[in-house]
Amino acid sequence: MDILLLLGMAIFLGTLGGKIFQKFKIPQVVGYIIIGLILGKSFFGLFHDRIIDALNPFTSIALGIIGFIIGSELKFDVFKKYGRSIYSILLSEGLFTFLIVGVVITLVTKKLYLGLLFGALASATAPAATVDVLWEYKSRGPLTATLLAIVALDDALALIIYGFASVFAKALILKEHFSILHSIEMPFIEIGMASVIGIAGGYALFKLISFIKDKARILPFSLGIIILTVGLSNFFKIDLILSSMILGATLANLAPKESEEIFSSIKAFSPPIYILFFTMVGARLDIKLFSQVSIAVIAVVYVLSRTFGKMAGAFLGGIIGN
């Protein structure tokens, strides 16, 4: 089937699914994913692997835009005001989730390296769905500011945790020496490179603002910088969400007032890209895999232990951060 026809179906039906779920007081992002599930390999199979791979650039752009918009909330005054609670909740929910999921998966599978990897993956909080729900309900205030900051910084924390866990897991599998230096080195190199790309892009966009007289050019210039940031991140194989967040945060702090129009224009442009992104998330999922008892058990245990770890860790961090 023609890829443009599939794109149109995904965006139109995804929007329709989101509206239907909204009527039942369920976040619209669930509707997007369910439509993707129906169109994808689990049911009708319209979005097979070749099509999904061809649409990967759209996925990357969507994540770049999400990261950029999250970055707009990462202003110095937010950290000055809510810093204690942000850092205490971030560390508590990330490390506690890693510990809980790691222990539970290790007990279920009897394999420590799986526990380490699943625990490290569980520590990360995918920002896309969180941000979409906040936008849908037009949420503002201390809770939203704190949540967005935690979701943003959580990406860097997860990279560090995964760096330790993956190297240690590899050492267990291959029975080789575990290098503390290597486990620390790689995540920090990735965070450093993401920072350089993001700051450079943010500074370039800040400089462009002062030269742009025609407001109609703000959107294409901004999208160009975001896509360049995403492209460079993919080229160097670093976290594109993190570099896009740093891009947005750099611009927001260099030009707090002037950048508002840029963030508004990007936000107004982005809904079709988000809908396509979440539809693709659903299309990738093959629910037939869950017919295998071992996978189904691990999936259920993982979701429950991760949910408990995130909630308990955030609760503990909230108490520490007052």
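Look up: the structure comes first, before these words.
All values derive from a computational prediction rather than experimental measurement. (Residues numbered from 1 in each chain as written. Predicted model: local features only at pLDDT ≥ 70, side-chain atom pairs only at ≥ 80, totals over all residues. Heavy atoms only, no water.)

Participant: I tried to follow the overall build of the protein chain on my own but got confused; where do I start?
Facilitator: For the protein chain, the helix and strand inventory stands at 14 helices and zero strands. The order of α-helices and β-strands along the protein chain, N terminus first, is α-α-α-α-α-α-α-α-α-α-α-α-α-α. Relative to the 2.2 N^0.38 estimate, which gives 20 Å for 322 residues, the radius of gyration of the protein chain is 20 Å and therefore close to what a compact globule would have. In terms of principal-axis extent, the alpha carbons of the protein chain reach across some 65 × 50 × 40 Å. For the protein chain, with 322 residues in total, the buried portion stands at 44%. Long-range contacts, defined as pairs at least 24 residues apart, comprise 79% of the intrachain contacts of the protein chain with a sequence gap of at least 6. When the 26 basic and 19 acidic side-chain charges of the protein chain are each reduced to a single mean position, those positions are 4 Å apart. (Helix = DSSP H or I, 4+ residues; strand = E, 2+ residues; numbered from the N terminus. Rg over C-alpha atoms; globule rule 2.2 N^0.38 Å. Buried < 20%, exposed > 50% of the residue type's maximum accessible area, 1.4 Å probe, protein only. Contact = heavy atoms within 4.5 Å. Lys, Arg positive; Asp, Glu negative; His and termini not counted. Charge placed at Lys NZ, Arg CZ, Asp CG, Glu CD.)

Participant: Mind showing me how you'd approach the layout of surface pockets here?
Facilitator: Empty space among the atoms becomes apparent when a probe as large as a water molecule is rolled across them. Size it by volume and the largest pocket reaches roughly 840 Å³. Lining the largest pocket are 24 residues, with Ala-124, Thr-125, Ala-126, Tyr-302 and Arg-306 positioned closest to its centre. The biggest single contributor to the lining of the largest pocket is helix H14 (residues 293-320), with seven residues. Across the lining of the largest pocket, the residue classes tally to 18 nonpolar, three polar and three charged. Volume-wise, the second largest pocket comes out at about 530 Å³. Along the wall of the second largest pocket there are 23 residues; nearest its centre are Ile-69, Ser-72, Glu-73, Arg-140 and Lys-267. Among the elements of the structure, helix H4 (56-71), helix H7 (127-136), helix H8 (142-174) and helix H12 (259-269) are those that each provide at least two residues to the lining of the second largest pocket. The element that contributes the greatest number of residues to the lining of the second largest pocket is H12, accounting for five residues. Broken down by class, the residue content of the lining of the second largest pocket amounts to eleven nonpolar, six polar and six charged. (1 Å grid on protein atoms, 1.4 Å probe; cavity = no way out; pocket = protein on both sides within 12 Å on 5 of 7 lines; lining within 4 Å. Points joined across faces, edges and corners; volume = space filled by probe spheres on them. Nonpolar A, V, L, I, M, F, W, Y, C, P; charged D, E, K, R; others polar.)

Participant: I would appreciate a short explanation of a positive patch on the surface in the present structure.
Facilitator: A grouping of Lys-19, Lys-23, Lys-25, Lys-138 and Lys-267 is seen on the molecular surface, where their side chains present a positively charged patch. Mapped onto the secondary structure, Lys-25 falls in the loop between helix H1 (3-23) and helix H2 (28-39). By relative accessible area, Lys-25 is classed as exposed at 72%. (Patch = residues over 30% accessible without salt bridge, like charges linked within 9 Å, V, L, I, M, F, W, Y side chains within 5 Å. Areas by Shrake-Rupley, 256 points an atom, 1.4 Å probe, with all protein chains shown as cover. Salt bridge = Lys/Arg side-chain N within 4 Å of Asp/Glu carboxyl O.)

Participant: Any chance you could explain the nonpolar core here in plain terms?
Facilitator: One recurring pattern in soluble globular proteins: nonpolar side chains tend to sit buried together. By size, the foremost hydrophobic cluster in this structure holds 52 residues, and its most contacted members are Ile-65, Phe-68, Ile-70 and Ile-266. Sorting elements by how many residues they give to this core places H8 first, with nine residues. Residues contacting Phe-68, with those up to four places away along its chain left out, are Leu-205, Ile-226, Ser-244, Met-245, Leu-247, Gly-248, Leu-251, Ile-262, Phe-263 and Ile-266. Counting twelve residues, the second-largest nonpolar core is a separate cluster that includes Leu-6, Ala-10, Leu-39 and Phe-47. (Core = buried A, V, L, I, M, F, W, Y, C linked by side-chain atoms within 4.5 Å.)

Participant: Is there a simple way to think about the packing of H8 against helix H11 (residues 240-254) in this case?
Facilitator: The axes of two packed helices give the description: the angle between them and the distance between them. One way to put it is that H8 packs onto H11 with a least axis distance of 10 Å and a crossing angle of 140 degrees. Taken together, the axis directions place H8 and H11 in an arrangement best described as oblique. Read as a crossing pair, H8 and H11 show a hand that is left-handed. For the pair H8 and H11, contact is made by Val-151, Ala-152, Asp-155, Ala-156 and Leu-159 and by Ile-241, Leu-242 and Met-245, respectively. The residue makeup of the contact of H8 with H11, split by class, is seven nonpolar, no polar and one charged. (Axes fitted to C-alpha atoms, helices over the stretch in contact; angles between N-to-C directions. Parallel < 35°, antiparallel > 145°, perpendicular 65-115°, else oblique. Left-handed = near helix turned anticlockwise from the far one by under 90°.)

Participant: Which parts of the structure should I look at to understand the side chain of Thr-250?
Facilitator: If you trace the backbone, Thr-250 turns up in helix H11. Here Thr-250 is in contact with Gly-198, Ile-199, Gly-202 and Tyr-203, once residues within four sequence places are set aside.

Participant: How do you make sense of the pattern of salt bridges when you look at a structure like this?
Facilitator: Two side chains bearing opposite charge may form a pair once their charged atoms approach each other closely. Scanning the entire structure with this criterion turns up five salt bridges. Asp-49 is the partner of Lys-41 in a salt bridge, and the nearest nitrogen-oxygen pair spans 2.7 Å. A relative accessible area of 26% means that Lys-41 is categorised as partly exposed. A relative accessible area of 47% places Asp-49 in the partly exposed class.

Participant: Would you mind going over the environment of Leu-205 with me for this structure?
Facilitator: Position of Leu-205 among the secondary structure elements: in helix H9 (residues 180-211). The residues contacting Leu-205, other than those within four sequence positions of it, are Phe-68, Phe-221, Ser-222, Ile-225, Leu-251 and Ile-262.

Participant: What should I look at first to understand the packing of aromatic side chains in this one?
Facilitator: Given two aromatic rings, their pairing is described by the distance between the two centres and the angle made by the two planes. Counted under the stated rule, the structure contains eight aromatic pairs. Aromatic pair Phe-277 and Phe-278: ring centres 5.0 Å apart, planes at 70 degrees, arrangement edge-to-face. Ring-pair connections join several aromatic residues into one group, and the members of that group are Tyr-32, Phe-277 and Phe-278. (Phe/Tyr/Trp six-rings, centres within 6.5 Å; stacked < 30°, edge-to-face > 60°.)

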